[in-house]
Amino acid sequence: MILADAHLHLFRHGFPGVYGRSLLPAEIDVYEAFRQKHGIAAGLVVGYQGDGIDPGNNAWIRELAATRPWMATLAYVEPSAMPTPAAVGALMAAGHAGLAVYVPDDAAVAALSAWDPATWAAPDAHGAIVSF
């Protein structure tokens, strides 16, 4: 049996939460200890760069994954960014297993609905995961 964590977030400086700073020091070290204790063999790290929390999260989680074969990553994409097929392809070429798209309100739904169909073909061509 393989135990996998299907949805986790990691931030370079921790998640700021309601107090404006992380309650956990060295978040990756805390998760690694948790993973070892519970026998988690694989994890899907879902990127998030919204709300100014961690503008470099996509790149940082790829840095982590380079030395942690248990880790697959999804790159955060803002729906209103209207990514091109080339931009999505570049995220896949960087090593991401897919995209994380947050759709919290009607404006995000409208923006996502306006994406070019060719943009959707890009993750499909890579067999990518798209998390909403």
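Position numbers for residues count from 1 along each chain, tracking the sequence in the order it is written. The model is predicted, so local features are restricted to residues of pLDDT at least 70 and side-chain atom pairs to those at 80 or more, both for listing and for counting; the totals for chains, interfaces and linings are taken over all residues. With hydrogens and water set aside, each side-chain value is computed from the structure's full complement of heavy atoms.

### As for the nonpolar core
Residues enter a nonpolar core if they are buried and are Ala, Val, Leu, Ile, Met, Phe, Trp, Tyr or Cys, with the set joined through side-chain atoms within 4.5 Å. Here the term buried applies to any residue with accessible area under 20% of the maximum for its type, exposed to any over 50%, and partly exposed to those in between, with areas from a 1.4 Å probe on protein chains only. The biggest cluster of nonpolar side chains holds 12 residues, and these are Leu8, Leu10, Ile28, Tyr31, Ile40, Val45, Trp60, Ile61, Leu64, Ala65, Trp70 and Met71. By residue number, the principal contributor to this core is helix α2 (residues 57–66), which donates 4 residues. We call two residues contacting when some pair of their heavy atoms lies within 4.5 Å. Trp60 has contacts with Leu10, Phe11 and Arg12, leaving out every residue within four places of it along the chain. Formed by 8 residues, the second largest nonpolar core is a distinct cluster that contains Val77, Met92, Leu112 and Ala122. Secondary structure elements follow DSSP: runs of H or I no shorter than four residues count as helices, runs of E no shorter than two count as strands, and numbering proceeds from the N terminus.

### Quick look at the packing of aromatic side chains
Stacked, tilted and edge-to-face are the three classes assigned to paired rings of Phe, Tyr and Trp, where Trp is represented by its six-membered ring and a pair needs centres within 6.5 Å; plane angles under 30 degrees give stacked, over 60 edge-to-face, the rest tilted. Counted according to the given criterion, the structure contains 7 aromatic pairs. An angle of 80 degrees between the planes, with centres 5.1 Å apart, marks the rings of Tyr48 and Tyr76 as edge-to-face. On the criterion of sequence distance, the pair formed by Tyr48 in the loop between β2 (40–46) and α2 and Tyr76 in strand β3 (residues 71–76) is long-range, its members being 28 residues apart. The class for Tyr48 is buried, based on a relative accessible area of 15%. Cluster of aromatic residues (ring-pair linked, three or more members): Tyr31, Phe34 and Trp70.

### Quick look at unusual backbone geometry
One non-glycine residue, Asp51, lies in the positive phi region at around 55 degrees. Note that Asp51 resides in the loop between β2 and α2.

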